[in-house]
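Each chain, written out:
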Amino acid sequence: MRAMFSATAAWLLGLTATVQGQELQSYDGFAGSLAPGAQASAHGANRGFGFTGPWRGADDAFPSLVSWWPLESNPFDLGPRAAHGVNTGAQYTTETPNPSWSAGSLSLGGSGNVDLSAHASTFGTLSRGTLSAWVRTEVNGARQTIFSVSDASGTGTRFAELFVHSDGRAGWEVQGDLATNPRFVAQRTVNDGEWHHVAVVTTGDGWSRLYVDGAERSSDDEGFLGYVTNPDSMFIGVRRTTASMVTPFTGDIDDVAIWADALSAEDIASLATMPPISVVGPQTPTGPALVSESLATASRPNGAFGSRGLSPQGTRLFDDMGNRAVRHLANFIDHDSTNVHYLSFLLRRDDRGGMITPGDISISGPDQFGARMGWDSVGDWVGNIRANPAKANGQMLDATTYFCVVKITTDQGNGDRLQMRAYAPGETVPATEDEVAQWTINRGQQSAKAGDAIMVTLNRGQYGGDSVLEFDELRMGRSWDSVTRQTFGQGCANLTLARRGAPVLGGSVGVDLVGAPAGALIAGGDRSMAFGLTLPADLTTAGAPGCWLLQSAQLALPAAGGLDLAVPNAPALVGRALFAQWIAPDPTGSLPLGVALSDGLELIVER
């Protein structure tokens, strides 16, 4: 039986250390203890480190109609489902779009509004859904907000807005965790003194469609919902910025409603003849999901993934419905500086014998940067920065697991670029990126500020088919080693280290010795200095040529074969590092010192 060490003291050694190690910044292996063939919602999954919050998919927290504001000067005007607001300066009128159910509407003279900010966080949880309203504007040559939600106290400009443009067309715009240009209704003026019904519908894969008077007028794959994730302001009739209220509405608004589901075209058309509370919506099944069996296991193997010691954690992300999953990084990728970041992940598509549905992994930020990588509608690899899409080299084969390594170079001079390499199952990942013969290079001239979200999307919004997207083992780091290798440094005398499981709060992680029957696990909270030596320290002069001390060695735990280290259930430890390596009697008998050391392991605590 392997020894179990209560590792409280050991993990506390790493409490004050910065995350150094392999410069690994974020990791999620989609670990989980699901029974074979089982699956579970990904939305509550909160594993990994370097992320804020769980994966967010198509939201199932609401049965359908989140709230409806009839705006008829009665107790229901400020919202059923407890979605009440504060009416500031807006008046009521008997003018209505359809007297058969509506007794009144809200009249805004360019200064009044309804403040719904107390419920902004509810809106922020929706990644699919529908927003609709009746509007009658007074022509004033200015942009007019129908409905807005914003992160007015955050960094950058983050908002989602349904509005009437100064040229009279309805439109929607998102600036924030994903930036868009305004989306307008072509050749359809609503700023004409007449009542019009306007709705924006966002499906789980991120596509949004704008409807005016019951007909679809425009669509785009940069969705209205799901991108302003920490809103603190929500209004009817105005938008709040960090400095002020802007683009006030001049005219009448009625029957503002929000559904937590994507209404169909037939549903939207029916809103012209019945109140919102009569339209239930389709109740789309929630997705994506976590399913048992990692992409790196026997039935979906990729030898390249494990060629440098990486090991899977047991489950994977799976989607066959086109419901986008979003996870936010704890730190920004800053595009105002010159830096290099690396991603790696496992990716697989299964067309199920039908047409190809495109899929992608993307990074977005509060400005205009959007790095994407995946496959297109003919199966070609695609890697791009949003402003300058370009195809990668070669075809992505159906039902094949690829180990993808992506290099993101940020340039203070706006020369950001994305470079991608996908390794097929039979390939071997080289020890250094210099050995990689061919990157796919895509350049984009961007004025972006930061990227802070990872998104996984099966793009059902524009394509049919029965395709499946599978995604696993997401790593982000500052070096090639950090995303392609399990350990760091160099061992000697054939002594190596292996890890079992993950360092999760309240759990345990195994650290095994390979190449000798017994030794001691030496560990510390630092890999920069030890005993006055700069690490890594070459031990040649100590009688161990080819051996290196890789960590601060503040703790030594004798063991035969391996150790299981218990991880305290202390949230303050998340993201903290402990560095370990084995020391054992020289199995070759060739070292004057008589002992050998293994390569090193960085254990970073996960939730």
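Just so it is clear, the model here is predicted, and its values are computed rather than measured. (Residues numbered from 1 in each chain as written. Predicted model: local features only at pLDDT ≥ 70, side-chain atom pairs only at ≥ 80, totals over all residues. Heavy atoms only, no water.)

(A) Expanded view of the overall build of the protein. From N to C terminus, the protein includes five helices and 45 strands. By the burial criterion, 59% of the 607 residues in the protein qualify as buried. By sequence separation, contacts in the protein at least 24 residues apart represent 72% of the contacts at least 6 residues apart. (Helix = DSSP H or I, 4+ residues; strand = E, 2+ residues; numbered from the N terminus. Buried < 20%, exposed > 50% of the residue type's maximum accessible area, 1.4 Å probe, protein only. Contact = heavy atoms within 4.5 Å.)

(B) Summary view of the sheet that holds strand 42 (residues 555-560). Strand order in the open sheet formed by four strands is 42-37-44-45, and the pairing between neighbours is antiparallel. Strands at the two margins of the open sheet, each flanked by one partner only, are strand 42 and strand 45 (595-604). Taken pair by pair, the neighbouring strands of this sheet meet at an average axis angle of 25°, ignoring direction. Pairing of strand 37 (residues 518-524) with strand 44 (residues 577-585) involves five bridges; the strand directions are antiparallel. Bridging across to strand 44, Ala-520 finds its partner in Ile-583. (Pairing = 2+ DSSP bridges. Axes fitted to C-alpha atoms, helices over the stretch in contact; angles between N-to-C directions.)

(C) Geometry of the nonpolar core. Phe-147, Phe-224, Ile-253 and Val-256 are the most contacted members of the largest nonpolar core, which totals 44 residues. Other than its neighbours up to four places away in sequence, Phe-224 contacts Phe-123, Leu-131, Ala-160, Glu-161, Leu-162, Trp-172, Glu-173, Val-174, Val-200, Thr-202 and Ser-208. Among the nonpolar cores identified, the runner-up in size contains 34 residues, and Trp-55, Leu-418, Met-420 and Leu-474 belong to it. (Core = buried A, V, L, I, M, F, W, Y, C linked by side-chain atoms within 4.5 Å.)

(D) The confidence of the model for the protein, seen in detail. Scored by pLDDT, the protein comes out at a mean of 84, with 87% of its residues at no less than 70. Predicted confidence for residues 15-21 stays below pLDDT 50, and this span has 21 contacts to residues more than four positions away or in other chains. Contacts of residues 441-447 to residues separated by more than four positions or lying in other chains number 30 contacts, the stretch itself having pLDDT below 50. (pLDDT = per-residue confidence, 0-100.)

(E) Expanded view of the packing of aromatic side chains. Enumeration over the complete set of coordinates arrives at nine aromatic pairs. Their ring planes at 90° and their centres at 6.2 Å tell us that Trp-172 and Phe-224 sit as a pair that is edge-to-face. Of the two residues, Trp-172 sits in strand 13 (residues 169-175) while Phe-224 sits in the loop between strand 17 (215-220) and strand 18 (233-236), which places them 52 residues apart along the sequence. Taken individually, Trp-172 and Phe-224 each receive the classification buried, so the pair is uniform in this respect. Ring geometry for Trp-381 versus Tyr-402: centroids 5.1 Å apart, planes at 90°, classification edge-to-face. Linking Trp-381 in strand 28 (residues 380-385) with Tyr-402 in strand 30 (residues 402-410), this pair joins segments that are 21 residues apart in sequence. Taking relative accessible area as the criterion, Trp-381 reaches 4% and is therefore assigned buried. When its relative accessible area of 5% is taken as the criterion, Tyr-402 is described as buried. One aromatic cluster in this structure is built from Phe-30, Trp-55, Phe-345 and Phe-471. Over the aromatic face of Phe-163 sits the side chain of Arg-143, whose NZ or CZ is 3.7 Å from the ring centroid. (Phe/Tyr/Trp six-rings, centres within 6.5 Å; stacked < 30°, edge-to-face > 60°. Lys NZ or Arg CZ within 6 Å of the ring centre and 35° of its normal.)

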